[in-house]
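Structural features, examined
Residues per chain, in single letters:
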Amino acid sequence: MNDAPRIAVVTFPGSNDDGDAMLALELLGAEPVRVWHADAAIPDGTAGVVLPGGFSYGDYLRCGAIARFAPVMDAVGAFAAAGGPVLGICNGFQILCEAGLLPGVLRQNRQEQFICADVTITVESTSSAFAGTWEVGQELVIPIKHGEGNWYGDAELVAALEARGQIAFRYSDDVNGAIERVAGVTNEAGNVLGLMPHPEHAVDSLLGPTGGVAVLEGLLDAARVSVVH
Amino acid sequence: MKATVLIRPKEAILDPQGEAVGEALRTLGFAVTGARVGRLVDVDLDTDDPVEARTALDSMARDLLANPLTESFTIEIGTET
C-alpha cells in the first residue's frame, strides 16, 4: 500500500494536458512523474500511467495512430499487460484504442465541429480496477474538448463490451454521435480505462465542476493496490 | 516503384465529412446524391517486384494506414503521378 502512488504522465510531441494532469494528480495526493515519449522505460516504482490529452504528432493520419509507435508505448503496453492501471484521457484514449489496448476507435464528431463544453457522464459499470468507490448511475460533470470523440464499435463489439461491463461511462445526452453515447471504456481485464472527458480539468471548484475527482481517485485507488511497481 | 493506397470509410459507417461535402456540392447546384471522403497515401517503394510491393503495402495498410474497424483500403501499384 502506497499512500502517494507514483503516476507516470507521458508527454508526446503535441500533448497539451500533461501539465494539468500533473497538477491534478498532485492535488489528489499522488506523486506524478513526467515521462517523455522517447523514453524506453517508465520510472521504477511507477504504480499507474496517464496518457494525457492533446494532439500527439499533429493528429496526422488518424488521432493516436502515430503515437502508438512511440518508444515509451512498449513499456506502457508491458505495464498494462502485467496488470498495472493505465488511464487515457481524450488523445490518450485515442492512442490506447489505436494501440489495441482498448476496444473501438474515436472518429470525427457527428456534427463536424470541435466541441468544448461541460457534460454529464454516468457511471455504467463498476467492474474495473478504477471503480472501487463508484456507483452505477452516479453522475459526473466533466468538460469535453474534442473534434474526434465519436467512439465507434460495431454492434457485435458493443454487445460484448456491454455484457462484460467494459462500458465505463456514457454521456447523459448525445454530444458527438458516439455509438450508444459511449464516453469511456475499459479493457477486458479492467486495468486500462480511456475516456474523452477531461477529469484533470475538473478537480477544483474554483475552476468549475469537480466530476474529475472520482475518475482520478479511481486511478489512485487502483495504483495503491497495484501489484506492478 | 510507385504505389497508392486508397483508404475509404466502410460502407456501413456514417461519414459526416462526406455528408457535409455532398451538401456543399448540392448548394453549388450539382446534382449530387452522395459523397464520401477518404484519404490516399502515395508510397515510393524500394523494390521493382509488384508481388513483393503488394504484400508490403497490404501490411502497411493493415498495421497503420487504415483502421480496420472503420476503414477499407485498396492498393494501386505502379501508378505514375
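**Notes on the overall build of chain B**
Within chain B, the secondary structure is distributed over 2 helices and 3 strands. Secondary structure elements of chain B, listed N to C terminal, follow the sequence β-α-β-α-β. Here the C-alpha radius of gyration of chain B, 15 Å, is well above what a compact globule of 81 residues would show, namely 12 Å. Once the C-alpha set of chain B is aligned to its principal axes, its extents read approximately 45 × 30 × 15 Å. Scored against the burial criterion, the 81 residues of chain B give a buried share of 14%. Taking as baseline every contact in chain B between residues at least 6 positions apart, the subset at least 24 positions apart corresponds to 69%.

**A few points about the interface of chain A and chain B**
On the side of chain B, 7 residues touch chain A, which itself brings 9 residues to the contact. Split into classes, the residues belonging to the side of chain A that touches chain B amount to 3 nonpolar, 2 polar and 4 charged.

**A short note on the sheet that holds strand E7 (residues 139-146) of chain A**
Residues and elements named next belong to chain A. Strand order in the open sheet formed by 9 strands is E2-E1-E3-E4-E11-E10-E9-E6-E7, with mixed pairing between adjacent strands. Each edge of the open sheet carries a strand with a single partner, namely strand E2 (31-36) and E7. Going across the sheet, the axis of each strand differs from the next one's by a mean of 25°, ignoring polarity. Sheet topology note: the strand E1 (residues 6-11)/E2 ladder contains 6 bridges and is parallel. Residue pairing across strands places Thr11 opposite Trp36, the latter belonging to E2. Along the sheet, helix H5 (residues 212-225) contacts E1, strand E3 (46-51), strand E4 (86-89) and E7; its crossing angle with E3, the most-contacted strand, is approximately 145°.

**Observations concerning the pairing of strand E6 (residues 115-123) of chain A**
Residue and element names in this part refer to chain A. Pairing analysis gives 8 bridges linking E6 to E7, with the strands arranged antiparallel. Across the sheet, Val119 pairs through a bridge with Ile142, a residue of E7. Two strands pair when backbone bridges link them, and E6 and strand E9 (residues 167-171) are joined in this way by 3 bridges, in the antiparallel orientation. Paired with Ile121 across the bridge in E9 is Tyr171.

**Side note on the nonpolar core**
In this structure, Val10, Val49, Val76 and Leu96 of chain A are the most contacted members of the largest nonpolar core, which totals 77 residues. For this core, the element with the most residues is H5 of chain A, which contributes 7 residues. Filtering out sequence-adjacent residues up to four positions away, Leu96 of chain A remains in contact with Leu51, Gly88, Leu101, Leu102, Val192 and Gly194 of chain A. Core analysis: the next-biggest nonpolar cluster, separate from the first, contains 7 residues, Ala61, Leu65, Ala66 and Phe73 of chain B among them.

Each value, and the rule that gives it
- Residues numbered from 1 in each chain as written.
- Chains lettered and ligands numbered in written order.
- Predicted model: local features only at pLDDT ≥ 70, side-chain atom pairs only at ≥ 80, totals over all residues.
- Helix = DSSP H or I, 4+ residues; strand = E, 2+ residues; numbered from the N terminus.
- Rg over C-alpha atoms; globule rule 2.2 N^0.38 Å.
- Buried ≥ 20, exposed ≤ 12 C-beta atoms within 10 Å, placed from the backbone.
- Contact = placed C-beta atoms within 7 Å.
- Nonpolar A, V, L, I, M, F, W, Y, C, P; charged D, E, K, R; others polar.
- Pairing = 2+ DSSP bridges.
- Axes fitted to C-alpha atoms, helices over the stretch in contact; angles between N-to-C directions.
- Core = buried A, V, L, I, M, F, W, Y, C linked by C-beta atoms within 7 Å.

In short, shape yes, function no, at least from these values alone.
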